[in-house]
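The chain contents come next:
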Amino acid sequence: MKQFSTISMNTNINISFIDARVGTFQAFELFGQQFLQANHYASLVQDRMDIIKEARQDLEKTWIARRMQLDQCLELQLFYQDCEQAKSWMSSREAFFAGNENDGENIEAMIKRHEDFDEAIGNQEEQIESLITYADQLISSEHYAYQDILNKREEVLKNWESLKEALIGKRSKLEEKY
């Protein structure tokens, strides 16, 4: 999270730097207007004022584009963080299926563990759906890394479906024993 606050701080510093110069640009424009009114090198002054005005507009456009890119970078990192949390959660639950069914535990205890696991899957479903919705929003907003987001989204969905299928398979085996 420290990297996100650093990005935010740097962008605020940069926009503050630009905003701090507003007075300077206004003073320059006023000074130029005084020269124009006095008809003192009017064509040269007007040309220079136009160049400065165009350069400032380019700076503002560049800043907006950079800010959009930084926002997209932040969104991407938040998406990756959510994916990593989901992946970690799913990996930790896979151990449930890897365990030996004949480890001396009685069927009722195994069914209870399975029901608890089933409930945890149900609770996690909302978070997975939220992650997928966020990915879809990023993709539809033409995010610069839309292909990576799409790939990560599909990877999470594939792992999620595999986990749910394993749950169904384990449930079937337990029902057969009980």
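Bear in mind that the values here come from a model prediction, so they are computed numbers and not experimental data.

Definitions and cut-offs
- Residues numbered from 1 in each chain as written.
- Predicted model: local features only at pLDDT ≥ 70, side-chain atom pairs only at ≥ 80, totals over all residues.
- Heavy atoms only, no water.
- Phe/Tyr/Trp six-rings, centres within 6.5 Å; stacked < 30°, edge-to-face > 60°.
- Buried < 20%, exposed > 50% of the residue type's maximum accessible area, 1.4 Å probe, protein only.
- Helix = DSSP H or I, 4+ residues; strand = E, 2+ residues; numbered from the N terminus.
- Axes fitted to C-alpha atoms, helices over the stretch in contact; angles between N-to-C directions.
- Parallel < 35°, antiparallel > 145°, perpendicular 65-115°, else oblique.
- Left-handed = near helix turned anticlockwise from the far one by under 90°.
- Nonpolar A, V, L, I, M, F, W, Y, C, P; charged D, E, K, R; others polar.
- 1 Å grid on protein atoms, 1.4 Å probe; cavity = no way out; pocket = protein on both sides within 12 Å on 5 of 7 lines; lining within 4 Å.
- Points joined across faces, edges and corners; volume = space filled by probe spheres on them.
- Patch = residues over 30% accessible without salt bridge, like charges linked within 9 Å, V, L, I, M, F, W, Y side chains within 5 Å.
- Areas by Shrake-Rupley, 256 points an atom, 1.4 Å probe, with all protein chains shown as cover.
- Salt bridge = Lys/Arg side-chain N within 4 Å of Asp/Glu carboxyl O.
- Lys, Arg positive; Asp, Glu negative; His and termini not counted.
- Charge placed at Lys NZ, Arg CZ, Asp CG, Glu CD.

## Considerations on the packing of aromatic side chains
Now for step 1: Tallying each qualifying case throughout the model produces 3 aromatic pairs.
Now for step 2: For the ring pair F79 and Y80, a centre distance of 6.2 Å and an interplane angle of 45° mean the geometry is tilted.
Now for step 3: For F79, a relative accessible area of 1% gives the class buried.
Now for step 4: Their ring planes at 55° and their centres at 6.4 Å tell us that F79 and Y134 sit as a pair that is tilted. A residue pair is termed long-range when its members are at least 10 positions apart, and F79 in helix α3 (residues 42-98) and Y134 in helix α4 (residues 107-140) qualify at 55 residues.
Now for step 5: Here the aromatic residues F79, Y80 and Y134 are joined through ring pairs into a cluster of three or more.

## A few points about the packing of α4 against helix α5 (residues 146-177)
Now for step 1: Where α4 meets α5, the closest approach of the two axes is 10 Å, and the angle between their N-to-C directions is 160°. As judged from the angle between their axes, α4 and α5 are roughly antiparallel. When you trace α4 past α5, the crossing you get is left-handed.
Now for step 2: Of the residues that constitute the contact of α4 with α5, the class distribution is 20 nonpolar, 2 polar and 8 charged.

## Quick notes on the layout of surface pockets
Now for step 1: Of the volumes computed, that of the largest pocket is approximately 210 Å³.
Now for step 2: Lining the largest pocket are F25, Q26, F28, E29, Q46, M49, D50, I52, K53, R56, Q57 and E60.
Now for step 3: Looking at the lining of the largest pocket, the elements with two or more residues in it are α2 (22-37) and α3.
Now for step 4: It is α3 that contributes the most residues to the lining of the largest pocket, 8 residues altogether.
Now for step 5: When its residues are assigned to classes, the lining of the largest pocket shows 4 nonpolar, 3 polar and 5 charged.
Now for step 6: In this structure, the second largest pocket occupies an estimated 160 Å³ of space.
Now for step 7: Along the walls of the second largest pocket sit D82, Q85, A86, W89, Q124, Q127, S130, L131 and Y134, which together make up its complete lining.
Now for step 8: Breaking the lining of the second largest pocket down by element, the ones donating at least two residues are α3 and α4.
Now for step 9: The greatest single-element share of the lining of the second largest pocket, amounting to 5 residues, is contributed by α4.
Now for step 10: By residue class, the composition of the lining of the second largest pocket is 4 nonpolar, 4 polar and 1 charged.

## A short note on a negative patch on the surface
Now for step 1: A cluster of acidic side chains, namely D47, D50, E54 and D58, defines a negative patch on the protein surface.
Now for step 2: One can find D47 in helix α3.

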